[in-house]
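Structure assessment
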Amino acid sequence: MARPRTGVDKDLIKRFAVVLQVISSDRDIKADSFNQYALETAKLFIQKFYLPASVHKVLIHGSQIIKSALLPIGQLSEAAQEARNKDIKISRAPYKEKFS
């Protein structure tokens with residue numbers, strides 16, 4: 001069965017995947033390297049498509065956000081908070097009242 005074609009260049013899809021992985025990472029990000037990669041991605045994108053505001057914010061202003069953030073962006077996500085809920089639950093377990 002043939003897969004439907006999106007008309008989007010595979011290289012552009014891979015570049016967006018890298019951008020999203022970097023943004024969601026909990027590691028320190030080199031803002032200047034990210035800025036260069038994101039700008040190249042934006043140039044490729046606008047050759048074929050209109051640049052939506054949300055994509056513009058990530059690709060054009062993402063490095064400024066990375067530079068000004070106190071923590072890596074991935075540590076600020078909701079997923080990081082949810083991961084800590086398990087640890088909190090375990091630490092509270094010995095102090096729970098237990099009735100049968």
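Anything mentioned here points back to the structure above.
Okay, so let's go over this structure. All values derive from a computational prediction rather than experimental measurement.

1. Structural notes on the nonpolar core
Nonpolar side chains in soluble globular proteins generally cluster together in the buried interior. The biggest cluster of nonpolar side chains holds eleven residues, and these are Leu-12, Val-19, Ala-31, Phe-34, Ala-38, Ala-42, Phe-45, Leu-51, Val-55, Leu-59 and Ile-66. Mapped onto this core, the elements with two or more residues apiece are α1 (10-23), α2 (31-46) and α3 (53-68). Take this core: its biggest share by element is five residues, from α2.

2. With respect to the packing of aromatic side chains
On inspection of all chains with the given rule, the structure shows two aromatic pairs. Between Phe-16 and Phe-45, the ring centres sit 5.5 Å apart and the planes meet at 70 degrees, which makes this aromatic pair edge-to-face. Remark: Phe-45 occurs in helix α2 and Phe-16 occurs in helix α1; sequence separation between them is 29 residues. Looking at Phe-16, the relative accessible area reads 21%, which means it is partly exposed. A ring pair is formed by Phe-45 and Phe-49, whose centres lie 5.3 Å apart and whose planes are at 35 degrees; its orientation type is tilted. The structure contains a cluster of three or more aromatic residues connected by ring pairs, namely Phe-16, Phe-45 and Phe-49. Here the guanidinium or amino end of Arg-15 rests over the ring plane of Tyr-37, the centre of that ring lying 4.0 Å away.

3. Things to note about the environment of Asp-28
By the secondary structure assignment, Asp-28 is in the loop between α1 and α2. With 38 residues separating them along the chain, Asp-28 and Ile-66 place their C-alpha atoms 8.9 Å apart.

Cut-offs and rules
- Residues numbered from 1 in each chain as written.
- Predicted model: local features only at pLDDT ≥ 70, side-chain atom pairs only at ≥ 80, totals over all residues.
- Heavy atoms only, no water.
- Core = buried A, V, L, I, M, F, W, Y, C linked by side-chain atoms within 4.5 Å.
- Buried < 20%, exposed > 50% of the residue type's maximum accessible area, 1.4 Å probe, protein only.
- Helix = DSSP H or I, 4+ residues; strand = E, 2+ residues; numbered from the N terminus.
- Phe/Tyr/Trp six-rings, centres within 6.5 Å; stacked < 30°, edge-to-face > 60°.
- Lys NZ or Arg CZ within 6 Å of the ring centre and 35° of its normal.

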